[in-house]
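# Coordinate inspection notes
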Amino acid sequence: MMGKMKITKIEKQKNNAGRYNIYADDVFYTGLSEEEILRLHLKEGDTVEASLLLSGVREDKFLRALNKGGEYIGGGRKTQKQVEDYLVKKGYDDDIVCRVIERLKEYRYIDDAEYARAYIQQNAVKGNRAIKYSLMHKGVDSEIIECALSERNAQDEMDGALRAGTAYLKGKRFKDARDARLKLYQALARRGFDYDIVSEAVQSLLQGEETDF
């Protein structure tokens, strides 16, 4: 049995608008948001079950974590893993983090499938290998990545390689055609394009060995 506690004082925090210090049996017990105080109907002089206060503390932590997660996502689209790692670093336990993630997914603030599709569109000048590696590093599930990449056809990837190659060649000088092919090939390979894509893009961009470098 946890017993009962008397709310002896509810004091507004000086430097934290919307939050209050709760004193139980003349001892500081916890800080709570105004929203949570109203939800629990807490008033000075009330005698309440200790379990009620504990539930309030738990819910208050959840709401604060939810707000933190929302603010973090507000700075730019994030994956589920990125939000989880952020909240853990902020000191929230696994149960709270799990609840926050589920709520944010309900709100569609977290959607790894949509994140992957948007990432691919925004990184069109990267090859599938580089995109897959980057998304896995961000914590996106491999099946989600493969599904998103399946929507990118070979021509899309080739167009990306041509754009990347064109940007690389702009303003550069090379010793000769062989030097140009080698360096262009290396540049596109570093961007994660597969051999066939790189070879075709290099051939298309250089179009023969007679080009004046």
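In this report, we go over the structure that sits alongside the text. (Residues numbered from 1 in each chain as written. Predicted model: local features only at pLDDT ≥ 70, side-chain atom pairs only at ≥ 80, totals over all residues. Heavy atoms only, no water.)

### Description of the sheet that holds strand β4 (residues 47-49)
The strand order β3-β2-β1-β4 describes an open sheet built from four strands, whose pairing is antiparallel. In the strand order of this sheet, the two ends are held by β3 (27-33) and β4, each with one partner. Taken over all neighbouring pairs, the strand axes of this sheet differ in orientation by 45° on average, direction set aside. Here strand β1 (residues 4-12) runs beside β4; their pairing, made up of three bridges, is antiparallel. Bridging from a neighbouring strand, K4 pairs with E49 of β4. Across the sheet, helix α2 (residues 50-74) touches β1, β2 (19-24), β3 and β4, and the angle it forms with β3 is around 45°. (Pairing = 2+ DSSP bridges. Helix = DSSP H or I, 4+ residues; strand = E, 2+ residues; numbered from the N terminus. Axes fitted to C-alpha atoms, helices over the stretch in contact; angles between N-to-C directions. Contact = heavy atoms within 4.5 Å.)

### Overview of the pairing of β1
Looking at chain direction, β1 and β2 are connected through five bridges and run antiparallel. For E11, the partnering residue across the bridge sits in β2 and is N21. Where β1 folds back onto β2 in an antiparallel hairpin, the turn is made up of six residues, including G18, whose phi is positive at roughly 85°.

### A word on the environment of Y23
Positionally, Y23 belongs in strand β2. Measuring from C-alpha to C-alpha, the distance between Y23 and M5 comes to 9.6 Å, with 18 residues separating the pair along the chain. Look past the residues within four positions of Y23 in its chain and what remains in contact with it is K6, I7, T8, K9, E11, F28 and Y29.

### Considering unusual backbone geometry
Phi is positive for D25, which is not a glycine, with a value near 55°. In this fold, D25 is placed in the loop between β2 and β3. Backbone geometry at H41 places phi at a positive 55°, although glycine is not the residue there. As for its placement among the helices and strands, H41 is situated in the loop between α1 (34-40) and β4. According to the relative accessible area criterion, H41 is exposed, its value standing at 59%. (Buried < 20%, exposed > 50% of the residue type's maximum accessible area, 1.4 Å probe, protein only.)

### Focus: the side chain of S33
On the secondary structure map, S33 appears in strand β3. Residues in contact with S33, not counting those within four places in the same chain, are G18, R19 and D60.

### Regarding the pairing of β2
Counting buried residues along β2, five of its six residues qualify, which places the element largely inside the surrounding structure. Across six bridges, β2 lies against β3 in antiparallel orientation. Across the sheet, residue N21 finds its bridge partner in β3, namely G31. In this structure, the hairpin formed by β2 and β3 is closed by a connection of two residues, where D25 is found at a positive phi of approximately 55°.

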